[in-house]
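One letter stands for each residue in the lines below.
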Number of protein chains: 4
Amino acid sequence: MQANKKEQIRETAIRVFAARGFHYSTTDRIAEEAGVSVGTIYNYFRNKEAILEYIFQVELEKRQQFFASLEGDQRPVRQLLTDFLRMHFQAILDHPDVGQILIRERHFPQLETLDFVVQFIQGVPQTIAALLEKAVAGKQIRPCQTAVVAAALFGAVEGVVREAMLRSDHAERDAILRRAPEELVTLFFQGLEP
Amino acid sequence: MQANKKEQIRETAIRVFAARGFHYSTTDRIAEEAGVSVGTIYNYFRNKEAILEYIFQVELEKRQQFFASLEGDQRPVRQLLTDFLRMHFQAILDHPDVGQILIRERHFPQLETLDFVVQFIQGVPQTIAALLEKAVAGKQIRPCQTAVVAAALFGAVEGVVREAMLRSDHAERDAILRRAPEELVTLFFQGLEP
Amino acid sequence: MQANKKEQIRETAIRVFAARGFHYSTTDRIAEEAGVSVGTIYNYFRNKEAILEYIFQVELEKRQQFFASLEGDQRPVRQLLTDFLRMHFQAILDHPDVGQILIRERHFPQLETLDFVVQFIQGVPQTIAALLEKAVAGKQIRPCQTAVVAAALFGAVEGVVREAMLRSDHAERDAILRRAPEELVTLFFQGLEP
Amino acid sequence: MQANKKEQIRETAIRVFAARGFHYSTTDRIAEEAGVSVGTIYNYFRNKEAILEYIFQVELEKRQQFFASLEGDQRPVRQLLTDFLRMHFQAILDHPDVGQILIRERHFPQLETLDFVVQFIQGVPQTIAALLEKAVAGKQIRPCQTAVVAAALFGAVEGVVREAMLRSDHAERDAILRRAPEELVTLFFQGLEP
DNA sequence: AATGAATGAGCTTTCATTCAT
DNA sequence: TATGAATGAAAGCTCATTCAT
């Protein structure tokens, strides 16, 4: 029941933050929509910011678990990267609200100093950079500043998500998100051909 | 003197917003740092948001002027795009605070509905998309969803800027930003080769 | 077991109130330190104030029992008063936390209306006044406003306790408290010599 | 006008704190009774506690100024002390609410650490102790632990004020306060006769 | 045009108390 | 009897905005 309630608050907060933005969302509103009292929120979260932190934390852990499951995977780097992007875009397809928040509130000043947010923002590109490193070593791609290219890829992913989110036509939006992994991997791997 | 004061407030606000984020910046603070009284701010701006709007407006106009100056330029698309990215990265090198705000406050809910912010956020990628369109027509690159690719490029630019900003070594940071226009154009044009 | 638990809560509350002050002590904290749940507190006490009331009640009863034991004691008033002050100072030496609370929370608005607190705050001086009355009748001291003098003596006791508590050197502190009963009685009886 | 408003808030707060106690007084209530808005309070005071601090500060400064004016006064110590007590009791006669607060909120945990409160609670007795020291040197009183006696006198003063404040009959109350200085000085000086 | 004291709606947060288990 | 999650009234405080000077 406990974990349930925290989860219930998290999910409601995602909806509310996505609709209004963190700073225009009130704890009263979250409580009301979650069907609990304000006090209950504070039984599970230190303060309002902690809710946002938790949302990020959950998402980060999903990505990390995925990376962990890739350990020892012998398929070509291109394949692994495609898989990761598929997972990422699929997560956003499943919960567009989370995507909205991840993009919108990422630059939230207090968040930027939090360990797991730093890990998310730096950690994910670092893992991508490590994959690119392997691809360079395997001569699948030409030598390059892998950290910079990884950052570019990470940014490109964000840009495509943003572009997709702007579409009011849901079918169109989903189409972009669904095709994105292959297109981006193709674009980057062809762009990096030796 | 008038225009001067509005400019003075805009510049101070850039500094304050960049340091703290829009929502954690107070009008009192801006007034104090600008050496004017709060009341004066309201003689030049409808409200606090209007200051942010104005900051975006000024930046947007700079980009638009650059695009206007490109009108009729007959050089290859690749050349034009490189020039634009050079200008953009140079602007960020010159005023990192503005870059910070453009990235951070872009997703500000009330801003997203404002015409010239929409123009900035959509307009810049749209211009890039238009250039890509021309390149496709000229068979310099393969057919693609130009809007999505433009968004990816725009995002990649942002990602590289962010990566550069993380470096504590200034020389290294500047080196990345200086090389970035060519590298990104090369990456994308090779990636889009027919 | 019952009486035990109530006692356990009372003792913990004394520690907590003394350390933080009544208003900055939470029921959660008391429960935690007492090793019971908040709910349990409310099985023994009507509300938070009732805990404070009970603390006062227990202390008052101790004083009253002492007075009762003095009934019929034929020794000179000066002797009786000295004994009472000895008992009082000893009680504070034994439980400085209780002394702290008795002094600090005495002026608590809701407490001031409670019968047994009124009895404590007025009752102790009244008993002193009664003893002084007897001394006046016996011509051991000159006629005076006994209520006012009793209040002065009661206040003086408090002042000396406070002064003693300020000393960081424990030996010094204890020395003051040990000598205090005689010194105060001497001071006041000499001051009231006929 | 500025100083006026701070003064206006201070005076209202004295009335409100005296009637209800600090912890049961709300900033809204003070604002309402002072005829200003809550925001205005916070233009003059850091927070609610700062109002209480200021009340203490003003009273302490009055006492200190009085002591300063005594510098170089050649009259006998007994006379000086009587004068000081007269001033003190007169101040309480003039503003019984202040007296109430001085006694009730003195033990307020956050106040106890403030420099000027420490100065008040320790400083006033120290000045008294210094006067007693002079009286001992001049053989007007017998040798004694002047610090302890000063604490006792300070406490006795408080006790008498408290006793007076308990009287519902104002005439009676004022009578006690008016007679107190002479009575206490007589009591103590006779009690300390060599 | 410039000022800055005054405003008060509105927010986050706390915590004594309850009650279903 | 004991529990402790849930409650929600109530409080302190902030800060964008106004307007008399």
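This is a predicted model, so every value here is computed, not measured.

Q: Explain the overall build of chain A to me, please; I cannot follow it from the model alone.
A: Assigned secondary structure in chain A consists of 10 helices and 0 strands. Listed N to C, the secondary structure of chain A is α-α-α-α-α-α-α-α-α-α in terms of helices and strands. Dimensions of chain A along its principal axes, counting C-alpha atoms only, are 60 × 35 × 30 Å. Counting across all 194 residues of chain A, residues that qualify as buried make up 52%. Contacts in chain A between residues far apart in sequence, at least 24 positions, make up 69% of those at least 6 positions apart. With the model as given, the accessible surface of chain A reaches about 8800 Å², and the carbon-plus-sulfur share is 49%. Averaging the coordinates of the 23 positive side-chain charges in chain A and doing the same for the 26 negative ones gives two points 1 Å apart.

Q: Got a minute to help me understand the relation of the copies chain B and chain A in this structure?
A: After a rotation of 179 degrees and a shift along the axis of 0.0 Å, chain B superposes on chain A with an RMSD of 0.7 Å. The operation mapping one copy onto its partner corresponds to a two-fold rotation axis.

Q: When you look at the protein's contact with DNA strand E in this model, what are you seeing that I'm missing?
A: Surrounding DNA strand E, one finds 30 residues, the nearest of these being Tyr42(A), Thr40(B), Lys5(D), Thr40(D) and Tyr44(D). Counting only the atoms of DNA strand E that lie within 4 Å of the protein, the sugar and phosphate share comes to 68%. Residue Ser25(A) places a main-chain N or O atom 3.4 Å away from a phosphate oxygen belonging to DNA strand E. One nitrogen or oxygen atom from the side chain of Tyr42(A) is found 2.6 Å from a phosphate oxygen belonging to DNA strand E.

Q: Explanation requested: the relation of the copies chain C and chain D in the structure shown.
A: Note that the two copies of the chain are related through a rotation about an axis and a translation along the same axis. Overlay of chain C on chain D (RMSD 0.7 Å): rotation 179 degrees, translation along the axis 0.1 Å. Interface overlap between copies: 100% of the residues of chain C at the interface are likewise at the interface in chain D, consistent with a symmetric, same-surface contact.

Q: Hey, could you run me through the interface of chain B and chain A in this one?
A: One widely used convention gives an interface's size as the accessible area the parts lose upon coming together. Counting residues at the interface gives 40 residues for chain B and 40 residues for chain A. A buried area of about 3300 Å², summed over both sides, lies between chain B and chain A, and 59% of it is on carbon and sulfur atoms. The largest contributions to the chain B side of the interface with chain A come from Tyr24(B), His107(B) and Leu187(B), which together make up 18% of the buried area. At the boundary of chain B with chain A, the tally comes to 2 salt bridges.

Q: Is there a simple way to think about the interface of chain C and chain D in this case?
A: Every contact between the two is made by 40 residues of chain C and, on the other side, 40 residues of chain D. Across the chain C/chain D interface, buried area totals approximately 3200 Å², and carbon plus sulfur atoms make up 59% of it. Counting across the chain C and chain D interface gives 2 salt bridges. The partner of Arg162(D) in a salt bridge is Glu158(C), with the nearest N and O atoms 3.5 Å apart. Seen at the junction of chain C and chain D, the total is 9 residue pairs in polar contact (both at pLDDT 80 or more). Listing elements by their share of the side of chain C that touches chain D, those giving two or more residues are helix H6 (96-104), helix H7 (109-112), helix H9 (146-166) and helix H10 (170-191) of chain C.

Q: Teacher, can you tell me more about the packing of helix H4 (residues 48-70) of chain C against helix H8 (residues 115-137) of chain C here?
A: Packed helices, taken two at a time, are described by the angle between their axes plus the distance between the axes. Residues and elements named next belong to chain C. Direction vectors running N to C along H4 and H8 enclose 30 degrees, while the axes themselves pass 9 Å from each other. The orientation of H4 with respect to H8, classified from their angle, is roughly parallel. The element H4 and its partner H8 pack so that their crossing is left-handed. For the pair formed by H4 and H8, the contact residues are Glu-53, Phe-56, Gln-57, Glu-59, Leu-60, Arg-63, Gln-64 and Phe-67 on the first element and Phe-116, Val-117, Gln-119, Phe-120, Val-124 and Thr-127 on the second.

Q: Explanation requested: the domain arrangement of chain A in the structure shown.
A: Residues and elements named next belong to chain A. Taken domain by domain, chain A holds domain 1 (1-45) and domain 2 (55-191). On a C-alpha basis, the centres of domain 1 and domain 2 stand 27 Å from each other. Taken together, the contacts link 10 residues of domain 1 with 10 residues of domain 2. For the domain 1 and domain 2 pair, buried surface summed over both sides reaches about 840 Å², with 69% attributable to carbon and sulfur atoms. Among the residues domain 1 hides against domain 2, the three largest losses belong to Arg-10, Ile-14 and Ala-18. Together they make up 58% of the total. Inspection of the region where domain 1 meets domain 2 yields 1 salt bridge. A salt bridge links Glu-59 to Arg-10; its shortest N-O distance comes to 3.9 Å. At the junction of domain 1 and domain 2, the tally comes to 3 residue pairs in polar contact (both at pLDDT 80 or more).

Q: In this structure, what is going on with the environment of Leu52(B)? I would like to understand it.
A: Residues and elements named next belong to chain B. Positionally, Leu-52 belongs in helix H4 (residues 48-70). Residue class for Leu-52 comes out buried when judged on its relative accessible area of 0%. The spacing of Leu-52 and Arg-29 is 23 residues in sequence and 15 Å in space, taken between C-alpha atoms. Leave out the neighbours within four places in its chain, and Leu-52 touches Phe-17, Phe-22, Ile-101, Glu-105, Phe-108 and Leu-111.

Q: Honestly, the packing of aromatic side chains in this entry has me stumped. Any pointers?
A: Working definition: an aromatic ring pair is given by the centre-to-centre distance plus the angle between the planes. For the structure on display, the rule yields 24 aromatic pairs over all chains. Measuring from ring centre to ring centre gives 4.5 Å for Phe67(A) and Phe84(A), while their planes differ by 25 degrees; the resulting arrangement is stacked. Of this pair, Phe67(A) sits in helix H4 (residues 48-70) while Phe84(A) is found in helix H5 (residues 77-94), placing the two residues 17 residues apart along the sequence. Phe67(A) gets classed as buried once you look at its relative accessible area, which sits at 13%. In this structure Phe84(A) comes out as buried when scored by relative accessible area, which is 3%. When the centroid spacing of 6.1 Å and the interplanar angle of 45 degrees are considered together, the rings of Phe66(C) and Phe84(C) count as tilted. Taken together, the positions of Phe66(C) in helix H4 and Phe84(C) in helix H5 (residues 77-94) put the pair 18 residues apart, joining distant regions of the chain.

Q: What exactly am I supposed to notice about the nonpolar core here?
A: Where a protein is soluble and globular, its nonpolar side chains tend to be buried together. Ranked by internal contacts, the top residues of the largest apolar core, which has 110 residues, are Leu184(C), Phe188(C) and Phe188(D). Among the elements that take part in this core, helix H9 (residues 146-166) of chain D stands out by supplying 12 residues, more than any other. With residues up to four places along the chain from it excluded, the contact list for Leu184(C) reads Leu85(C), Phe89(C), Leu153(C), Ala156(C), Val157(C), Val160(C) and Ala152(D). Of all hydrophobic cores here, the second largest spans 107 residues; its members include Tyr54(A), Ile101(A), Ala129(A) and Phe84(B).

Q: Where do I start with the confidence of the model for chain A in this structure?
A: When pLDDT is low, close inspection of the predicted coordinates is not appropriate. Here chain A averages 91 in pLDDT, and 98% of its residues register 70 or above. Of all helices and strands in chain A, the one with the weakest mean pLDDT is helix H7 (residues 109-112) of chain A (77), whereas helix H2 (residues 27-34) of chain A scores best (98).

Q: Which parts of the structure should I look at to understand the environment of Arg46(A)?
A: Residue and element names in this part refer to chain A. Relative to the helices and strands, Arg-46 is located in the loop between helix H3 (38-44) and H4. Through-space distance from the C-alpha of Arg-46 to that of Gly-21 is 20 Å; in sequence the pair is 25 residues apart. A polar contact is formed between the side chain of Arg-46 and the side chain of Glu-53, at a distance of 3.5 Å.

Calculation criteria
- Residues numbered from 1 in each chain as written.
- Chains lettered and ligands numbered in written order.
- Predicted model: local features only at pLDDT ≥ 70, side-chain atom pairs only at ≥ 80, totals over all residues.
- Heavy atoms only, no water.
- Helix = DSSP H or I, 4+ residues; strand = E, 2+ residues; numbered from the N terminus.
- Buried < 20%, exposed > 50% of the residue type's maximum accessible area, 1.4 Å probe, protein only.
- Contact = heavy atoms within 4.5 Å.
- Areas by Shrake-Rupley, 256 points an atom, 1.4 Å probe, with all protein chains shown as cover.
- Lys, Arg positive; Asp, Glu negative; His and termini not counted.
- Charge placed at Lys NZ, Arg CZ, Asp CG, Glu CD.
- Least-squares fit on C-alpha atoms with pLDDT ≥ 70 in both.
- Near = heavy atom within 4 Å.
- Polar contact = N/O pair within 3.5 Å; in protein donor to acceptor, adjacent residues only side chain to side chain.
- Buried area = accessible area lost by both parts, 1.4 Å probe.
- Salt bridge = Lys/Arg side-chain N within 4 Å of Asp/Glu carboxyl O.
- Axes fitted to C-alpha atoms, helices over the stretch in contact; angles between N-to-C directions.
- Parallel < 35°, antiparallel > 145°, perpendicular 65-115°, else oblique.
- Left-handed = near helix turned anticlockwise from the far one by under 90°.
- Domains from an automatic or database assignment.
- Phe/Tyr/Trp six-rings, centres within 6.5 Å; stacked < 30°, edge-to-face > 60°.
- Core = buried A, V, L, I, M, F, W, Y, C linked by side-chain atoms within 4.5 Å.
- pLDDT = per-residue confidence, 0-100.

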